[in-house]
Amino acid sequence: MRVDAPVPAAVFEQQLAAEGFDVLFGATPDRPGPPWSVELIVLPAERAALAARGLTIEVIAKGRPFADILAEQSAARGVPSGYLDNAGILAELNSLAASYPALAQVVDLTTTYGTPATVEGRHLYALKISDNVAMEEDEPAFLMVAAHHCREVVTPVIALDTANRLLSTYATDAVVRAAVDANEIWIAPVWNPDGYNFVFTGDNLWRKNRRVFGGDIGVDQNRNYPFGWNTGCSGSTSPSSNTYKGPSPGSEAETQTMVAWSADRRFAMVLDFHSRGRETLWGYACPSTPVDTLWRAKATQLSQASGYNGDERPPSADGEHYQWQFATHGSMSFLTETHTSFQPTHASAMAEAATVWPGTLWFLAEDMPLTGTVTDGCSGLPLEATIRVTSLGFTEGEVIVSGGAFGRYHAFLPAGVHTMRVEATGYTTRDVQVTIAAAGGTTFDIGLDAVGSGAVVFCNATANSTGQVPTISVNGSSSIAQNQFTVVVERLPALQLAFLFMGQNFVQRPVFGGVLCIDRQSYRFPLTPVDLFGYTAQTVDLTQPTHQLSSVAVGSTWGFQLIYRDPAAGGWGLNYSPGLSVTFCP
Ligand SMILES: [Zn+2]
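Not measured: the values here are computed from a predicted model. (Residues numbered from 1 in each chain as written. Predicted model: local features only at pLDDT ≥ 70, side-chain atom pairs only at ≥ 80, totals over all residues. Heavy atoms only, no water.)

## Quick look at the nonpolar core
Residues Ile129, Trp261 and Phe334 are the most contacted members of the largest nonpolar core, which totals 99 residues. The leading source of residues in this core is helix H6 (residues 154–168), at 8 residues. If we skip the residues at most four places from it in the chain, Ile129 touches Leu103, Ala104, Ala163, Leu166, Leu167, Val180, Asn183, Glu184, Ile185 and Ile187. (Core = buried A, V, L, I, M, F, W, Y, C linked by side-chain atoms within 4.5 Å. Buried < 20%, exposed > 50% of the residue type's maximum accessible area, 1.4 Å probe, protein only. Helix = DSSP H or I, 4+ residues; strand = E, 2+ residues; numbered from the N terminus. Contact = heavy atoms within 4.5 Å.)

## So, the state of the cysteines
For the structure on display, the rule yields 3 disulfides. There is a disulfide in this structure between Cys378 and Cys585, and the S-S distance comes to 1.3 Å. Between Cys378 and Cys585, the S-S dihedral sits near -105°, and the bridge is therefore left-handed. In this pair, Cys378 is assigned in the loop between strand E15 (370–376) and strand E16 (386–389) and Cys585 in the segment after strand E34 (579–583), connecting sequence segments 207 residues apart. The disulfide that involves Cys459 links it to Cys517, with 2.0 Å between the sulfurs. The sign of the S-S torsion, about -75°, decides the handedness of the disulfide formed by Cys459 and Cys517: left-handed. Placement of the pair is Cys459 in strand E23 (residues 454–459) and Cys517 in strand E28 (residues 514–519), with a sequence separation of 58 residues. Overall, Cys517 belongs to the buried group, its relative accessible area being 0%. (Disulfide = S-S within 2.5 Å.)

## Regarding the coordination of the zinc ion
Protein coordination of the zinc ion is provided by His149 (ND1), Glu152 (OE), Glu152 (OE) and His274 (ND1), with donor distances spanning 2.0 to 2.4 Å. One can describe the site at the zinc ion as irregular: its 4 donor atoms subtend angles covering 56 to 145° at the metal. Counting residues between consecutive donors of the zinc ion along the chain gives the motif H-x2-E-x121-H. Linking Glu152 in the loop between strand E7 (141–146) and H6 with His274 in strand E11 (residues 269–275), this pair joins segments that are 122 residues apart in sequence. Comparing Glu152 with His274 shows no difference in burial state: the two are buried. (Donors = N, O, S within 2.8 Å, 3.2 Å for Na, K, Ca; no water. Tetrahedral: all angles 85-135°; square planar, octahedral: opposite > 155°, others 65-115°.)

## Side note on the pattern of salt bridges
On inspection of all chains with the given rule, the structure shows 25 salt bridges. Notably, a salt bridge pairs Lys128 with Glu184, separated by 3.7 Å at the nearest N-O pair. Pair noted here: Lys128 is in strand E6 (residues 125–129) and Glu184 is in strand E8 (residues 184–188), with a separation of 56 residues, a long-range link. Residue Lys128 is classed as buried on the basis of its relative accessible area, which comes to 6%. Ionic pairing is found between Arg408 and Asp138, a salt bridge with its closest N-O pair at 2.7 Å. (Salt bridge = Lys/Arg side-chain N within 4 Å of Asp/Glu carboxyl O.)

## Focus: the sheet that holds strand E12 (residues 279–281)
The strand order across the open sheet formed by 8 strands is E5-E6-E8-E7-E11-E14-E12-E13, and the pairing between neighbours is mixed. The sheet is open, and its two edges are formed by strand E5 (104–108) and strand E13 (312–313), each paired on a single side. In the sheet, E5 pairs with E6 via 5 bridges, with the strands oriented antiparallel. When the sheet's bridge partners are listed, Asp108 is paired in E6 with Tyr125. Strands in contact with helix H10 (residues 292–305) are E11, E12, E13 and strand E14 (332–338); relative to E14, the strand with the most contacts, it is inclined by about 45°. (Pairing = 2+ DSSP bridges. Axes fitted to C-alpha atoms, helices over the stretch in contact; angles between N-to-C directions.)

Set out below in structure tokens:
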């Protein structure tokens, strides 16, 4: 692990060694001024003792081979030969796009999204890989990003190797072809280009970006994300620290570009590479989440498929990129720590890329547990909606989002029955219930009604003999053209008789055991039984004047109410559902 040193590294190394710690002397550069840090090998109890002193700790490897440690310590300063710098990586991306023009495109994200360039004026780039790459297709977006921490030079090697393999074997490998055909794959090899440049030209163990704060330099880009930025486990508030989280959430140009890009693409799957450690990270450091069991199980599978024996752990901090992707988009999102060394030989990095490649292919073939679209219930046009899972105990304001050309959303949620609240500007908020299957992925499309149209409960009912107030709602749509309109009433006394009626004269008047909401009924539907679970549903054919109306006109508003037998009700033993007002659209 690495610990931030309050005094120059050489001094702190001596202090810790005198206390009996196993110090890796000289593992980090000693500078004239902070930040200083010291690396050491600890047992869990020793780590806890250091954490209890308030020192900032980062676990960087578990059980590293001693040969790697010796090699790193004895290595001359400087990145080993064979690694590409910024210009080399961009040239490689352009070369791939030129070689596979139908499958790959280089995108200048900074220009595309109009976000600020880095403090040293650099842009951020990604390679898009998909069949019909120039088209916007209704496919899940997969993001692989590397080098948020610039000294982790193995990670861009893995990103480029992945791009190479996807493109060069597309024509011959059915598994690769299926992955490329079914997904929109985005690969961003270097998310910290200023720092990455400095790794090649200044200090090869530099971690942060290069923004200047008085006498200090750099924000830890994997602590700067605007989620979990302020938990008890977020990054350091000191610009001298190697884990400085920045002056405000999302303060850095690189973070802002990721925020804009992700809002546009809504990545269903995210794989963020770091080094070192050979394990997959999931979840938050401080708060727990209601999906931790699923998140950990998938991390174990990803680690297993990536050649890392199923090793996984929660992260060491909050405010990290992959956490933000999950919490603000619903992404299935992981961080993989790769290799056992920051800067092994290039040949060793290439061997590591080959090791993790099956894990990436495995991930690309995984089904999202839940996907669907959110659209205008009348026009079918896609909507940008915010979805909150209200039946799980999320505590940090986590949301799922829909949008884009298809109104698609993706959600990383466990199997089971969930209630989701769906909100979009200008539309009536809707609570929907969805059952996510244990395997295979579940599709669930959601229609919303524009404010002023659609279905609204307008008249309240009284509790019945079940002790509950009945609910009334619409399954389907208030679109006459779609003709999928069913009125559903729940929480009724089981095995009774009921009938639905409709009309346009709205009232609110106590009658029998309940409240009448529609006077002078235009039409009574036939008697219908209430089932064992206190539920009844009446499908209304909007195209046929079976209800003795000339038509249900576009823009006309009708009220629906159910009258039902309730043995315990007073009067005639009759009661009413709430009233539902529906304005029909084309
Ligand atoms: Zn890292």
